[in-house]
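Letter by letter, the chains look like this.
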Amino acid sequence: MARLADYFVVVGYDLDKRVEGEGQGRILQRFPEKDWEDSPFPQGIELFCQPSGWQLVPERQPASFFVAVLTDINSERHYCACFTFWEDLDNPQLQKAEASEADEVDEELAVVQPAKVFAPKSLVLVSRLDYTEVFRNCLGLIYTIHVDGLTVPLETVIGNLLTCVIPIAGGSQIDESPVCSLDKVPQALACDWLLACLQPGQEEREERLRTITLGAGDRQVIQTPINDSLPVSGSSVAQLFRQLGIVNVLYLFCAALTEHKILFLSSSYQRLTDACRGLLAIMFPLKYSFTYVPILPGKLLEVLSTPTPFIIGVNSFFRSETQELLDVIIADLDGGTVTIPECVHISLLPEPLLQQTQTVLSMVLDPELEVADHAFPPLSTQPSALKIQDKEIRAVFLWLFARLFQGYRWCLHIIRIHPEPVIRFHKAAFLGQRALSEDDFLMKVLDGMAFAGFVSERGPPYRATDLFDDLVANEVERIRHEEACPHKVMNHVKELAEQLFKNENPYPAVAMHKVQRPSENSQNAAQNQTPFPVLDEVAVQLFIDHAAAKLKTAPPVVKAELKGMVPSGPPLGDIVDRNGNVMANSARRLEVVRNCITYIFENKMLEAKKLMPAVLRALKGRAARVCLTQELNQHVLQNRAVLDDQQFDYIVRMMNCTLQDCSHMDEHGIAAALLPLVTAFCRKLGAGITQFAYSCVQEHMVWTNMQFWEAMFYSDVQNHIRALYLETEDGGSSEQQDGSGGGREISALELASEQNRLWPTLTKEMQTERVQKEESTVFSQAIHYANRMSYLLLPLDTSKNRLLRSSGLGDVESVSNSYVTNSIAGSMAESYDTESGFEDAESSDVANSVVRFINRFVDKVCNESGVTNEHLKALHTMIPDIVQMHIETLDAVHRESKRLPPIQKPKLLRPTLLPGEELVMDGMRVHLIPDGREEATGLMGGPPLLPAEGAIFLTTYRLIFKGTPTDPLVGEQVVTRSFPIASLTKEKRISVTLPMDQFVQEGLQLRSCTFQLMKIAFDEEVASDLAEVFRKHMHKLRYPQHVQGTFAFTVGQCGKLVVEHKTKDKNQSLKTLSKNLVKSAKRTIGRQYVTRKKYSPPTWENRSSFQSELDEDEISVSEEVDQSSLTLSSTIRSSDRQTMSNVVERACCRDYQRLGLGTLSNSLTRSKNEPFRISTVNRMYTVCRSYPGLLIVPQSIPDTTIQRICRCYRQNRFPVVCWRNSRTKAVLLRSAGLHAKGVVGFFKSPNAPTAVPSQADSTSLEQEKYLQAIISSMPSYSESSGRNTLSGFTSTHMSTSDSSDKLRQPKIGALMKQVMGAKEDVPGTFSRGGKWGSIRGSGRLSAYNPDVGTRLAGKESPQPNGGPSEALFLRQQRAYLYIIGDKAQLKGGKQDSFQQWEVVPIEVCDVRQVKNSFKKLMKACVPSSPPSDPNMSFLRCLEDSEWMALLHRVLQVSVLVVELLDTGSSVMVSLEDGWDVTTQVVSLVQLLSDPYYRTFDGFRLLVEKEWLSFGHRFSHRGAQTLGSQSSGFTPVFLQFLDCVHQIHLQFPMEFEFSQYYLKFLAYHYVSNRFRTFLLDSDYERIELGVLYEEKGERKSPQVCKSVWDYIDRLNKKTPIFYNYMFSPEDYEVLRPYTFVSNLKVWDFYMEETLSEGPSYDWELRGRQERVAEETPEKPDTSGTKSQRRVVWPCYDSLSKVVPDAITKLLHDLQSLEAELGQTSEKWKDTWDKIKTTQRTETKLESKPSFSSSLLMSSNLSHQRRSQGVYLQESGVGSSINLALDCEASATSTPVAGRPSTSTLYSQFQSTESENRSFEGILFKKGALLKPWKPRWFVLDKTKHQLRYYESRQDKDCKGVIELADVESVTPGTPAMGAPKNIEEKAFFDLKTTKRVYNFCAQDSLNAQLWMDSVQSCLSDA
């Protein structure tokens, strides 16, 4: 029961204390005068009566009423109902008051000087109950009595009011007699207590309905709520939503729960109170525990700047004062807005809750919204009445909290039951199970004060329950099923709303209010009103005393609360993971984890190792981590599990991996589950020393997190206390309980609830005993935890401190490092301190910080769980000892663990080395890490070959990695990556985190221009200084001081020799050098005769041994003798023919003679009509250092002129002839660009006045002479009479060219314009088919001199000024000589229309461009890491590199030159310094124009002539030495090879060499294995003595110094370089398409063979094969068994595993010959034979045979391009493919009959489609004592053999009888064991040279057929 009102107060205006016009109030009277014991009188009521301040007003205001809320010191709320009315004051009275204020008249009053002013007066009721309406009625009644002057004394009414007692909630006992019944109260006071017994039978009703009367003829019903724990809201919540709207209120709701400051503004005080009440009501079941002031007086506004959260209401009058509040959320009730400052972030409800809540709220508040769009809306969709709506909204929030807190009871830890239950909430577990650990809102709510109150209030397991408890316990399932369906939710909400409404209004039907209001006239006639009277205190007090006495004598009202056990609801486990957080196929993953653990404990380490990576991956999932802890638990016996080293290591790795993904909160309880295990698993280290797992898993955040330890401690304490009470219950009852509960375990909360119920029934002794037991349980756990914490916080090496580090990770004995426990880790540990910044950290320091941490923990948990002070002190003394003891044991463990031998790592594999290659540094253990190429990592399917563990070796020639993949499933494979050290282009340091071991290692990233990249991480056993030594050595080898330091020179020699050589070199003159050379050469030749042995051709298998053998046909000794006796070309005399011919040989004179460009004979005998001669002007390399000694120049130009001309050209590289078209006799010249000064003079027209000095002038004249001489050499020029007239030109031209030229003529112009970049496209048709579009380079080719092109195309080119161009009249024909020059240099030159040459300015790519483009190309083809930016795909990077555009440009210029030469004009290519682009263009032109250069010899000659002799700077461009290091690597030659590759792709039948040949050159031109591509010119080579010794001097026969010799030798052994499709057409000029769209990326850039490394060092390949073939299987000659095997891209060498058909056949042939003991033919001879037979057969056969006649010689020229797709060396298997595909694409000829050559036939597999002349079943007698068996026989005429199979369906042939060996076929006789019931005549015998076969057919007829068929075959043969 409770008093309805505690105090009644009258507050008036204080006339004596007016301060500056601001009045104050004072309490005039209060009843009762002395405070109640249970509720003291609240202070400051006078402030709250007039929140806006006490003021006098000139007019009477209407009476007002509101309820303010005051909170006292015990956080009890007092509701102050204020009723205010206005009384008049006489003005004179006022004047008196103002006189004292020193004549300061208030301005307002001075203006308005009425006769009267009005002062406020308030009647205040103070109560602890919130009954607004009742208070309004009571105070209204008192006012009415006063105003209307009713007869009832006010004292009576107030006395009755103050003594009225009502029940708090409806559940109280029935009290028959009224507390204060009418007859017992003195009649004089006429207290009119009425007890409303409406229906006497319903006793609960009486209690819930208290009808009160104050004795003025009034009657009121007070409805007390059924359950007082639910808030009463009236209609305030609905009102709040009406004012602010759904979203705004939700913001406020979340803000209040997450402890933000909220301020309400309104001009109505009552609305402020209602809004605050409404906000609190929707927060139920959480209670707001911060500052709560619904109406704040203006005087107290500074409260708003408090730092704590609050909910405060302020009158809008003070709005301006609230503006400067920065962190307060302001809700304006009148305007309906909520303002959130920028600095405040409100965490909202987690989705999908927020969305669902909003939906349901809008259904409650605005039901029409849903049907607003319906065509036929339902008739009534009105929202409920306000009162009902209010409850519906609250029901929505109840439903919301039930969802938020569902299952919360499962996360409560009960740590004490007696004397009072102490309960803690395990926040991390709750969040983890709800999968909301990241959710901001829930985190904040759970951390907040409101939730702490919630736990302490609702935590106890034995108490009265309410609606919320019921909802969480029983309705969770329903809520879950319905959450997605708003209408079902709505129904649920309505049900809840009904309960809430019932709770507030138990009897809504009763409305017995009868309260008088003041009459109208009394309100109007207020002028003559008397002031409110002073009441008689004694009378009122008498009432109060009387009631008090009556209460004393009345029997005490015992309200027996209905306590009961609080149900927990369904556990959370089922609720989680509906968000699909279960990882896919998790069952399979769990299986893997279980198996692995089983293997470990069964000691099947190899199996475990294979599963390990999968397990570590699986452990990312929560289920797998839980599974791991459960599995490990099963292997623990009596808290201990002793393992051996390897088991221990694996278990620790798994634990680390599990912990590594746990957050510091450990929301899934993984760390908690592992905690007992890390102290259980251990291994013995030595005598009595055991290392536990905890010393290896300390590196995780979770161990340093205090909350984790607290939660762990509480859950353990709970388990122990539960155990304590389970024991105390006598056995019988517990058994029964178990039986009844179906064997279910009793939870700790249930137990506690039972204990709390029994507590009052226990005796004092028993109670104290239980309290003590519990207390000592907690105490013992505290000791246990102090130990545990010291285990996990003290590092193994106690010199390092874990707690001082900010992060928990990063130590050395790190996470899952398998070497944690061994010596290496120990040795590295010492160096750690210096890095960590705690050098001076003594071990005591570690101890101190650990002790401090544990002490903090102990203090907290012991205070919370009520441990006695003595015990706490004992703990504090104990902890340092525990820590110290543990440090001592750790020291011993640390010592021992250092002694452990390191764990076995994979054995390092040695690489095979080339002869002469030596190791510089022995293998260092490294990990090869995957780079951006994804094939090897298994991401694109296939096995994860990388990362691999192995060693890196540095040799004099290469850098080699060899190792095995770390993935155990591919562990048997060997991974090799290597590249020549000379090709290293970039090296940078990287730091790498390996997937298996968590700590970062230093590594290197090495990039090579052979398109290889190695990312290596040094193993921790490699000291960092060793890695540094490795880098230094690498640099030394990569950039030697001098070319002689490269591998090509040092190979096979010891280092000393190199050094001597170098010192000598410097002092020797050229002549003596060459003499020495000659001598040594002679010596070697003498030796050679001795070593010559009979040549036996090597078989295919041991082809790698050929280095030691010298082939006779390879070396002609006499030639060598001559060559070596040659001194330098200075000695050339015409008489010395022999010597001469050798120089000629070397200086490519052979080629010049082939082209008819002059012979080297005496000037007398030289025929005058030869236009060119071979000049020896440069024999001493004086004219031009970088040119060869012999040069082709016009016959008419003397050497002296040449010496002068050369100065005009850069590097003195004057124009020389390098090729002549044998048909049109046009010549190709090459030179460097002109020096800038020469350009102008050269191109100025001679008759123009010149300002150039005369010397230059004469030079330019001589230059002209030179060019004229070249032009005159052309037959077309000399034939045409004098000045070249148009007609002359055309006629001669026509006569010399075939008719197809008519087609071509306009095209050249178009071509030219493309090259020069004219804007206008001139389409020209191509004789080959296809069109030429405009140039597609980058936009840099601007138009320059377009009229050259237009003129060539025969079109007019108008002058800029619009007139016709004069040049057009003068020359309508092509020039005789085109000079391809660099646009940049030809500026300012004016074309002379009378000269016969014309300049074609083009833009060339300079070297820098090539260099940068190549870098980008390498990054695109071999990226160092997978692309992070999805836009940067491979093709995009390729495009950005512009490599293809550069190829396009070079090819385009080359094709233009080919066209010009082919139409009879000569061309001079004169670009840059004449040794980069010029060389590319000139050599491509020759390759395209002259079929000779497409053969092996021709291509070699081309490269030697144009690249080597003409001085392409290989050493400089390849950055081969220290000097050229800065210039960087520029692959000009590679670019040329790529162009050749593009042409090869388009014309696959025109080249004798294969694509592999080009790759081979591309690899070795940078590898420095051969001397061929070293140095920058012939001059340098001679100076070093390299030029003529290649054949002459052979120190070690196995070392090949020239790449050409090597290729020759190799080509004899194997057809690897040969292109089987080679069938050249006579004199074919190739014109490839050059657009970027026609070009393909060269696979040289992309391919990789991890099984053996690059395949270009052929010896290595042979050796590896030999190792593999040590156990050869006997080849099964009878037929093919299935020899399928998986071929992995990027691992296997495709050309080896899947060879093309012809190579395969040649190989088979060779192995068969070897088997038969015949000397095997060379493959080339075999091939040539086949080709010739094929040709003849093709002629004989009537139908064209496609299978290989097409392959050998085809005249279908239009088909040649398309065909190349098929038989490239790594292409599709057999040649038949080629044939069929071609046939499909090119012609419609049907497939012809099979070719009859047996050789070619053998390439086909035996399939159904083959020739089967006769077939059937025969019984064949087996070998001796074997039975007869039925077999399926096939007689094949084509192959001339009888084959037999197991059955008809069988594809694999069981055996073959060659008909060639058959001597006779005779009828036979039945032998032993023959099949029964078969007639005798069915048997026949087949006699061969080797044995006799006995057969049996089904019947005699069949036998006869067989015999005849075989016989006919034999006779046919």
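As the structure is a prediction and not an experimental result, all values here were calculated from the model.

Each value, and the rule that gives it
Residues numbered from 1 in each chain as written. Predicted model: local features only at pLDDT ≥ 70, side-chain atom pairs only at ≥ 80, totals over all residues. Heavy atoms only, no water. Helix = DSSP H or I, 4+ residues; strand = E, 2+ residues; numbered from the N terminus. Expected span 1.5 Å × (residues − 1). Bend = angle between axes of the 7 residues up to and from the residue. Buried < 20%, exposed > 50% of the residue type's maximum accessible area, 1.4 Å probe, protein only. Contact = heavy atoms within 4.5 Å. Patch = residues over 30% accessible without salt bridge, like charges linked within 9 Å, V, L, I, M, F, W, Y side chains within 5 Å. Areas by Shrake-Rupley, 256 points an atom, 1.4 Å probe, with all protein chains shown as cover. Salt bridge = Lys/Arg side-chain N within 4 Å of Asp/Glu carboxyl O. Lys, Arg positive; Asp, Glu negative; His and termini not counted. Charge placed at Lys NZ, Arg CZ, Asp CG, Glu CD. Pairing = 2+ DSSP bridges. Axes fitted to C-alpha atoms, helices over the stretch in contact; angles between N-to-C directions. Phe/Tyr/Trp six-rings, centres within 6.5 Å; stacked < 30°, edge-to-face > 60°. Lys NZ or Arg CZ within 6 Å of the ring centre and 35° of its normal.

As a further point, take helix α22 (residues 605-618). Taking 1.5 Å per residue as the helical rise, α22 with its 14 residues ought to reach 20 Å, and the 19 Å between its terminal C-alpha atoms agrees with that figure. At Met 612, α22 shows its maximal bend, which comes to roughly 45°, and the proline Pro 613 appears one to four places after that position. Turning to α22, its buried residues number three or more, namely Met 605, Ala 608, Met 612, Pro 613, Val 615, Leu 616 and Ala 618. Contacts from the buried residues of α22 go to α21 (586-601), α23 (622-634) and α24 (645-660).

Mapped onto the elements, Thr 777 comes out in helix α29 (residues 764-793). Not counting residues up to four positions away in its chain, the partners in contact with Thr 777 are His 720, Ile 721 and Leu 724.

Together, Lys 986, Lys 988, Lys 1415 and Lys 1419 give the surface a local cluster of positive charge. Mapped onto the positive patch, the elements with two or more residues apiece are β26 (984-993) and α49 (1407-1421). The residue Lys 1419 is located in helix α49 in this model.

Let's shift gears to the sheet that holds strand β39 (residues 1855-1858). Pairing between the strands of a sheet comes from backbone hydrogen bonds, and it takes one of two forms, parallel or antiparallel. One open sheet accounts for seven strands, arranged β39-β38-β37-β36-β42-β41-β40; its pairing is antiparallel. The sheet is open, and its two borders are formed by β39 and β40 (1862-1867), each paired with just one other strand. Going across the sheet, the axis of each strand differs from the next one's by a mean of 35°, ignoring polarity. The sheet contact formed by strand β36 (residues 1814-1821) and strand β42 (residues 1892-1896) spans two bridges and is antiparallel. Counted as the bridge partner of Lys 1820 is Phe 1895 from β42. Seen against the sheet, helix α68 (residues 1900-1916) touches β36, β37 (1828-1836), β38 (1841-1845), β40 and β41 (1883-1888) and runs at an angle of roughly 160° to β40.

Okay, the packing of aromatic side chains next. By the definition in use, this model includes 86 aromatic pairs. Relative to Phe 41, the ring of Tyr 7 lies with its centre 5.0 Å away and its plane at 85°, an arrangement referred to as edge-to-face. Residue Tyr 7 is found in strand β2 (residues 7-19), and its partner Phe 41 is found in the loop between β3 (22-31) and α1 (45-49); the two are separated by 34 residues along the sequence. The ring of Phe 41 carries the charged tip of Arg 30 above its face, separated from the ring centre by 4.2 Å. When the ring centre of Tyr 1893 is taken as origin, the NZ or CZ atom of Arg 1891, which lies over that ring, is 4.2 Å away.

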